[in-house]
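# A closer look at the structure
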Amino acid sequence: MSHFSNVPKIQYEGRDSKNPFAFKHYNSQEIVFGKTMEEHLRFAVAYWHTFNASGADPFGAGTAVRAWDSLSPLDRSKARVEANFELLEKLNVPFYAFHDADIAPEGATLAETNKNLDVIVAMLKDYQKSTGKKLLWNTVNLFTNPRYVHGASTTSNAEVFAYAAATLKKGLEVGKELGAENYVFWGGREGYESLLNTDLKLELDNLGRFLHMAVDYAKEIGFDAQFLIEPKPMEPSKHQYDFDSATAIAFLQSYGLKDKFKLNIEANHATLAGHTFEHELRTARINGMLGSIDANQGDPLLGWDTDEFPTDLVTTTLAMFEILKNEGGIGRGGVNFDAKVRRSSFEDEDLFFAHIAGMDTYARGLKAAAKLIENRVLDDIVSHRYRSFSEGIGADIVSGKATLQSLEAYVLQAKPIRNESARLEQIKANLNDVIFSV
Ligand code: XUL
Ligand code: CO
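Residues numbered from 1 in each chain as written. Chains lettered and ligands numbered in written order. Predicted model: local features only at pLDDT ≥ 70, side-chain atom pairs only at ≥ 80, totals over all residues. Heavy atoms only, no water.

With that settled, consider the UniProt feature "binding site: Mg(2+) 1" (unreviewed entry) in the protein chain. When the UniProt feature table is mapped onto this chain, "binding site: Mg(2+) 1" (unreviewed entry) is found at E230, E266, D294 and D338. Spatial clustering of the annotated residues is evident: they stretch over 109 residues in sequence, but the largest pairwise C-alpha distance comes to 11.8 Å. Structurally, the position occupied by E266 is in strand β12 (residues 261–266). Using a relative accessible area of 2% as the deciding quantity, one classes E266 as buried. If sequence neighbours within four positions are ignored, E266 has contacts with E230, F277, D294, N296, D305, D307 and D338. Within polar-contact distance, the side chain of E266 engages the side chain of H269 at 3.1 Å. Looking at the element boundaries, D294 is found in strand β13 (residues 290–294). Sequence-distant contacts of D294, defined by excluding residues within four places in its chain, comprise W137, E230, N264, I265, E266, A267, F277, N336 and D338. (UniProt positions renumbered as here; feature names shortened; annotations may be inferred. Helix = DSSP H or I, 4+ residues; strand = E, 2+ residues; numbered from the N terminus. Buried < 20%, exposed > 50% of the residue type's maximum accessible area, 1.4 Å probe, protein only. Contact = heavy atoms within 4.5 Å. Polar contact = N/O pair within 3.5 Å; in protein donor to acceptor, adjacent residues only side chain to side chain.)

Take a look at the structure:
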C-alpha cells in the first residue's frame, strides 16, 4: 500500500532544475574523488524523526498529519514499515536506522515487548530482502521509559541495570537478524543531575561493564557490526558521560574498549558541547575513531538539540573534508539524517523536501571537499605553516632527538624569533570561492 502517493520517485535533474521533487546535486552514480557519491555518503533515514515524530514540543501538541495516525499500535508499526521502504525507494536512500522503541510498541513486560519486536523485525527483514535496502544501525531506547529516571547502565538501581542489559541483549539479536552494519550506544540518561547524590566512580565503572557485556555477547552470537558511541554533552541529562569525542575516547581507553568501538558524531551534539562539527570529527579521525555521522544542524539562537536537516554548506564541506581524509572514508558508517522537519512543516511532502535538501547539501559538501583536497587548498597552507618542524631544530623535536638542554643551547645561539601571519581571512575567502564553484 502506498503512503506517499503524491510523491514521485526523486531523480537527479541537475542544478538548473525547477522541479521540487528532484535532486539538484546528489547524483548517486557520479564519481567524485574515486568513488560514487552513493559509496561516499551512504545516506540513512532516521526512523524516529521521520515516522514517529509528531511535531509536539514542550508547549504544543503534534502537528504532523500522517496516514497511520488513527491505527492501533501494532498496525501503526506495520504501516510505518511500509512507509519506510516506500520513502527509501522514492528518495534512493540505501539505509535506515532505528531504536527498538521506534519500530514496535513496548509491551507490559519484556517478553511482550520482545514478541512485538519479533513481528516487526520479520516484516523489516522481508522488506530488506525485496528492496535491497539495509540497516545502517540499530540501538535500544534506554531513556524514554520512566524506569530510566536515574539512568540505564549508570542507574542507582541494579534492577534497572538488569532491565537495560536484557533490552540491550535483544537489541544485539535484532541487529544480527537484520544484518545491521553498526550498533549505536547513545546514553541520554547516562549521566547525572548532581554530584551530591552520585557515586561517579561506580556509575562510570558500570557503564564500562555494560559495554564489555555487549562486546562479549555480540561475539558469542556472531554479530559483527561496528560498535559506535554517540557523544552528547547534555540533554536530557544535565551532564552526560559521553560528553564529546575527546571524553568518549578517553573513557573507552580507560576501560579497555578503544579497539572495539568507534564514534558516531552528531553535528548538533558538537554545537551543544561548544565545539564545531569539524572539531569533533577531526578529534575522532586523528585517533582512528571516526565511524559514522548523524547529519543534522542546530540553531545558533536556541540552546538545545533542534535536530534540523543540514543545509549549511560550509559545515557539510568541512565535515566531508574530514570524512575524505579519514582512512577508508566513512567505512561501514554512513550519513544518517538524525533530523526532523520543523513543527510548521507538517505535511508528508515535507519529509521528502527535507531529505532532498539534506542530500543535496551533503553532495555539494562532498564535491567542495574533494576540490579542497585535490587542489591542496588547505593542505598546502598547513604544511607551509608547520614547515619549521620538518628541518633543523624542528625536525629534532619531532624525531625525539631534542632535549631541554639541546633546546637551551639552540636558543642561546639562535637569531631573534620571527613569526608569520596565519592569514585566516584570506583562507576563509578561498574556502567560500571553492564552495561556490562546485
Ligand atoms: C539524541 C540522539 C539519538 C541518537 C540515537 O540526541 O541523537 O537519537 O542518535 O539514540
Ligand atoms: Co543522534
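The next subject is the site of ligand 1. Around ligand 1 sit W48, H99, W137, W186, E230, K232, E266, H269, D294, D305 and D338, and that is every residue in its neighbourhood. The separation between an oxygen atom of ligand 1 and a polar side-chain atom of E230 is 2.7 Å. Interatomic distance of 2.7 Å between a side-chain N/O atom of E266 and an oxygen atom of ligand 1. With the chains in place, 94% of the 290 Å² that ligand 1 exposes on its own is no longer accessible. Its residues assigned to classes, the shell around ligand 1 comprises three nonpolar, two polar and six charged. (Near = heavy atom within 4 Å. Areas by Shrake-Rupley, 256 points an atom, 1.4 Å probe, with all protein chains shown as cover. Nonpolar A, V, L, I, M, F, W, Y, C, P; charged D, E, K, R; others polar.)

With numbering aligned to this structure, UniProt lists the feature "binding site: Mg(2+) 2" (unreviewed entry) at E266, H269, D305 and D307. A compact arrangement is adopted by the annotated residues: their sequence extent is 42 residues, whereas the largest C-alpha distance between any two is 10.3 Å. Along the chain, the position of H269 falls in helix α9 (residues 267–272). Ignoring sequence-local partners within four residues, the contact set of H269 consists of W186, E230, P231, K232, P233 and D305. If you trace the backbone, D305 turns up in the loop between β13 and α11 (313–325). Apart from residues no more than four positions distant in its own chain, D305 is found in contact with K232, E235, E266, N268, H269 and L272. For D305, the side chain forms a polar contact with the side chain of H269, separated by 3.3 Å.

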